[in-house]
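Given next are the chains, with one letter for each unit.
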Amino acid sequence: MAIVFQKPKALKDTAFHYCPGCTHGIAHRLVAEALDELDIEGKTIGIASVGCSYNSYDYFACDMIQAPHGRAPAVATGVKRSKPDNIVFTYQGDGDLAAIGTAEIIHAAARGENITVIFINNTIYGMTSGQMAPTTLLNQYTTTTPYGRIADHHGFPINVSEVLAVLDGPAYIERASLHDVKHIKKAKEAIKKAFTMQIMKKGFSMVELLSTCPTNWGLNPVEALNRIKNEMIPQYPLGVFKER
Amino acid sequence: MGQRMLMKGNEAIAEAAIRAGCIHYFGYPITPQTEIAHYMAKKLPKVNGVFLQAESEVAAINMVYGAGSTGTRVMTSSSSPGISLKQEGLSYLAGAQVPAVVVNIVRAGPGLGGIQPSQSDYFQSCKGGGHGDYRQIVLAPSSVQELYELTVEAFNLSDKYRIVTIIQGDGILGQMMEVVEFRDTEPIERPETPWAVTGHENKRAQNVITSIHLNPAVLEQWNRNLQEKYNLIKEKETRYELYNTDDSDIIIVAYGTVARIAKSVIEKAKEEGFNVGLLRPITLWPFPQEAFEKVIDRTKAFITVEMSAGQMLEDVKLSVNGRRPVYFHGRMGGMVPERDDILKLIRDIYGKSA
Amino acid sequence: MTYEIIMAGFGGQGILSAGMLLAHAAMLDGKQVSWLPSYGPEMRGGTANSSVVISDEPVDCPVLNSANVLIVMNRPSLDKFESWVVKDGIVIIDSSIVNRDITRTDIASFLIPATKIASEMGNTAFANIILLGKLVKEKNAVTVESFRKSLYEVLPKRKHHMIPLEMEALEIGMNYTSA
């Protein structure tokens, strides 16, 4: 009998600890599929960050480093500069990448560091139980914006892809979404393209993935997916922001 | 005999690192150690190495974490306020057991402080400036020649124990020039690095560099393993110099630049009929407790001299453990202890015991 | 013999480089040496000083708070360091800039209008070398030959064409006698 669906080789046979309806699992799978299809797992070094995916090395089968909060792009830089023939990626959430790690991501992008960044934007700090993130939408309720995110007090969401795309360093920046099959397929192509850019030594590549956090959003999985479509995409439009 | 060169301390560190096979350097500018970065920026591209100016001290130490994780010899350097920023990274390096050499050319604090020499980072380096139960080897050279030799040694120690080694200098040591005599070949010892992340190439199991263990029992065991390693280092790698301590009445305990000043005081004291010796810790951690056991029966008192409010003093008191009086002379803020003041303290102590 | 030498003046007068040349020359003579600069924002315009120790023995202490030779190129430096000179020590003063002589009687001074002479030679940058010339003459701290060699080893190649003039400046300093 022909096998038509199985776990990618680059994912270990370990059950995810992620909440029901969380799209981290899908994002992991897409990255692993890209590593398999490009046949690069053996020379890949992944950098896990701080957040729900802190232990993504329990899932990815490639060599991994666990980085301090926000510092994954700097750690990746150290790896890539000492092992330029390896494939290096970071896997970071919005608190990690766009708040405490803003300096690291901007400068890695500006240097055109030849690494791939997988950026999970779910508008919230998941692991620490639902605080405001830089990407939290206006009026969104979180545990630290119990009356909603108010621009006058909390400021505005950061559109990371657009911000990085104005730099000369990045070779490829795309924002994709994980809210339905059609978009998941597109996200997969974006991730594969990002790694391909790295293989071709084109420089910095990043894929921002609009993701869910049903637990901290207080929504069921289906409602959470709908929220991406109805509330997130208007603030975070999908598409390619930089390609060279 | 090797090549002799008149060199700045900072340049000697950089040259030593390259000779030790460290061709990856990540750093951020701060006085008084920038000559290290300048030297690396000039030399590393010529030996197929990498010099990268990081966007921050925080990024620099994390680049070191990344490069060290691949088993590559790597170094960063900074001065006190910059080293404070690196503490998070140093704690991770300790927890994940990633070897690296970190240079601290100490300046006076607290806060932005000043740029003049100081030894007020002793606590930070030796007692753990970052979070968690960890240690790092701290080497305290006192001449430009020793900056060179101990920097080479630092890489060997880091690799041997998978630990961070700090070269703890001060603004004077970094800025001054002395003659360095280079060896023709360096005594490089590099163990295999089967733990490093280099890509498994489908030939071995996955390697993971991490410091997180959410299961308390697992984390306690991890800590026990670290402590075992630290104890081994204490046993094997403690270094110090004893000078004129065979029958001296008073022993000055001082390291780095201050040990040089102390040594010249010993000569002057001799002219006045005072017999004074020097105990110079070369490893600040592990602190050379055993040196005190060697000399304590033969001496009447100790004087600790530091460019601080009395940081090493605490370790000296712990080592002496009440058996002899321990006097202290310290200067702060970038001021340097003067020979006459130390001499005056010696006269006072002799006066008391006479 | 141990020479503990402090050179002091304004930043930009070549205080640090003169000390470095001296230390390098002494190394070539087979001596033990150390050179310690003041460092920091005073690099240009402010005050600068360098401490040079030249000895037959290993240098105990590179940090000076007394000296047997003082070379000063501005008034504040003379005011600050005159009291640091040990008995029978010497002070060499650029008298075209410093408007006073020493006040002590237990030390000796040499007044040379070094900046003025250097200016007549076409470049005030030679003033520091003229003052070093006096030190070489009075104290034999380094040999002339080693000093020449140190110029070749320390100065970048693009400045080597100046070396004959530097040596001329050294000679002028060595032979200068105040009127």
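See the structure above.
Residues numbered from 1 in each chain as written. Chains lettered and ligands numbered in written order. Predicted model: local features only at pLDDT ≥ 70, side-chain atom pairs only at ≥ 80, totals over all residues. Heavy atoms only, no water.

Turning our attention to the packing of aromatic side chains. Evaluated as defined, the whole model comprises 15 aromatic pairs over all chains. Both rings, one in Tyr122(B) and one in Tyr255(B), keep their centres 6.1 Å apart while their planes meet at 40°; by these two values the pair is tilted. Within this pair, whereas Tyr122(B) is found in helix H6 (residues 122-126), its partner Tyr255(B) is found in the loop between strand E11 (250-253) and helix H10 (256-271), the two being separated by 133 residues in sequence. Ring geometry for Phe81(C) against Trp84(C): centres 4.9 Å apart, planes inclined by 90°, an arrangement best described as edge-to-face. Exposure remark for Trp84(C): the relative accessible area of 26% places this residue in the partly exposed category. Each residue in the set Phe60(A), Phe89(A), Tyr91(A) and Phe195(A) is aromatic and connected to the rest through ring pairs, giving one cluster. A cation sits over an aromatic face here: Lys7(A) above Phe16(A), 5.6 Å from the ring centre. For Lys263(B), the ring lying beneath its charged end belongs to Tyr243(B), and the centroid distance is 4.7 Å. (Phe/Tyr/Trp six-rings, centres within 6.5 Å; stacked < 30°, edge-to-face > 60°. Helix = DSSP H or I, 4+ residues; strand = E, 2+ residues; numbered from the N terminus. Buried < 20%, exposed > 50% of the residue type's maximum accessible area, 1.4 Å probe, protein only. Lys NZ or Arg CZ within 6 Å of the ring centre and 35° of its normal.)

Time to look at the sheet that holds strand E8 (residues 205-210) of chain A. If you walk across this open sheet you meet the 8 strands as E9(A)-E7(A)-E8(A)-E4(A)-E3(A)-E1(A)-E2(A)-E9(B), and the pairing is mixed. A strand with exactly one partner marks an edge of an open sheet, and here the two such strands are strand E9 (239-243) of chain A together with strand E9 (208-209) of chain B. Both strand E1 (residues 44-48) of chain A and strand E3 (residues 87-93) of chain A contribute to a ladder of 5 bridges, which runs parallel. Directly across from Ile47(A), in E3(A), lies its bridge partner Thr90(A). Across the sheet, helix H2 (residues 72-82) of chain A lies against E1, strand E2 (63-66) and E3 of chain A, angled at about 175° from E3(A), the strand it touches most. In the packing of helix H9 (residues 221-235) of chain A onto the sheet, contacts are made with strand E4 (116-121), strand E7 (172-177) and E8 of chain A, and the angle to E8(A) comes to roughly 130°. (Pairing = 2+ DSSP bridges. Contact = heavy atoms within 4.5 Å. Axes fitted to C-alpha atoms, helices over the stretch in contact; angles between N-to-C directions.)

Time to look at the side chain of Glu186(B). Residues and elements named next belong to chain B. Mapped onto the elements, Glu186 comes out in the loop between strand E8 (177-181) and E9. Residue Glu186 is classed as buried on the basis of its relative accessible area, which comes to 15%. Engagement of the side chain of Glu186 in a polar contact is seen with the side chain of Tyr148, the distance being 2.6 Å. One polar contact links Glu186 to Arg183, side chain to side chain, over a distance of 2.9 Å. In this view, Glu186 contacts Arg19, Tyr148 and Val152; residues no more than four positions away in its chain are not counted. (Polar contact = N/O pair within 3.5 Å; in protein donor to acceptor, adjacent residues only side chain to side chain.)

So, on to the interface of chain C and chain B. Taken together, the 21 residues of chain C in the interface contact 26 residues of chain B. Counting each side, the surface lost to burial between chain C and chain B is near 1,900 Å², with a carbon and sulfur contribution of 63%. Between the two partners, chain C and chain B, sit 1 salt bridge. The closest approach of N and O atoms between Glu4(C) and Arg339(B), which form a salt bridge, is 3.7 Å. Across the chain C-chain B interface, the total number found is 3 residue pairs in polar contact (both at pLDDT 80 or more). Where the side of chain C that touches chain B is concerned, the elements lending two or more residues are helix H1 (15-28) and strand E2 (32-37) of chain C. For the side of chain C that touches chain B, the element with the most residues is E2(C), which contributes 5 residues. Bridge analysis of E8(B) against E2(C) gives 2 bridges, and the strand direction is antiparallel. Each bridged residue has a counterpart across the sheet, and for Met177(B) the counterpart in E2(C) is Trp35(C). (Buried area = accessible area lost by both parts, 1.4 Å probe. Salt bridge = Lys/Arg side-chain N within 4 Å of Asp/Glu carboxyl O.)

With that out of the way, let us pick up the interface of chain A and chain B. Tallying the contact residues gives 35 residues for chain A and 34 residues for chain B. On inspection of chain A and its partner chain B, the count reaches 3 salt bridges. Here Arg111(A) makes a salt bridge to Glu55(B), at a shortest N to O gap of 3.0 Å. At the junction of chain A with chain B, the criterion picks out 22 residue pairs in polar contact (both at pLDDT 80 or more). The set of elements that each furnish at least two residues to the side of chain A that touches chain B consists of E1, E2, H2 and helix H4 (102-110) of chain A. Among the elements that take part in the side of chain A that touches chain B, H2(A) stands out by supplying 7 residues, more than any other. Two strands pair when backbone bridges link them, and E2(A) and E9(B) are joined in this way by 2 bridges, in the parallel orientation. Each residue of the ladder has a partner; that of Met64(A), found in E9(B), is Val208(B).

Okay, the environment of Glu153(C) next. Residues and elements named next belong to chain C. The residue Glu153 is located in helix H5 (residues 144-154) in this model. Among the residues examined, Glu153 registers a relative accessible area of 43% and is labelled partly exposed. Distance in space between the C-alpha atoms of Glu153 and His24 is 8.5 Å, their sequence separation being 129 residues. Leaving out residues up to four positions away in the same chain, Glu153 has contacts with His24 and Leu28. A distance of 2.7 Å separates the side chain of Glu153 from the side chain of His24, its partner in a polar contact.

The next point concerns the side chain of Glu237(B). All names here are of chain B. Summarising the element assignment, Glu237 is placed in helix H9 (residues 216-237). For Glu237, a relative accessible area of 5% gives the class buried. Among the polar contacts made by the side chain of Glu237, one reaches the side chain of Tyr161 at a distance of 2.6 Å. There is a polar contact of 2.4 Å between the side chain of Glu237 and the side chain of Arg239.

Across soluble globular proteins, nonpolar side chains show a tendency to be buried alongside one another. Counting 140 residues, the largest nonpolar core has Ile47(A), Met75(B), Ile252(B) and Ile346(B) as the members making the most contacts within it. Residue contributions to this core peak at 9 residues, all from helix H7 (residues 144-161) of chain B. Counting contributing residues, this core receives three or more from each of domain 1 (4-237) and domain 2 (241-353) of chain B. Ignoring sequence-local partners within four residues, the contact set of Ile252(B) consists of Ala262(B), Val265(B), Val276(B), Gly277(B), Leu278(B), Leu279(B), Ile303(B), Val305(B), Ile342(B) and Ile346(B). Membership of the second largest hydrophobic core comes to 48 residues, among which are Met7(C), Ile54(C), Val69(C) and Leu132(C). (Core = buried A, V, L, I, M, F, W, Y, C linked by side-chain atoms within 4.5 Å. Domains from an automatic or database assignment.)

The quantities given are spatial measurements derived from coordinates; they are silent on function.
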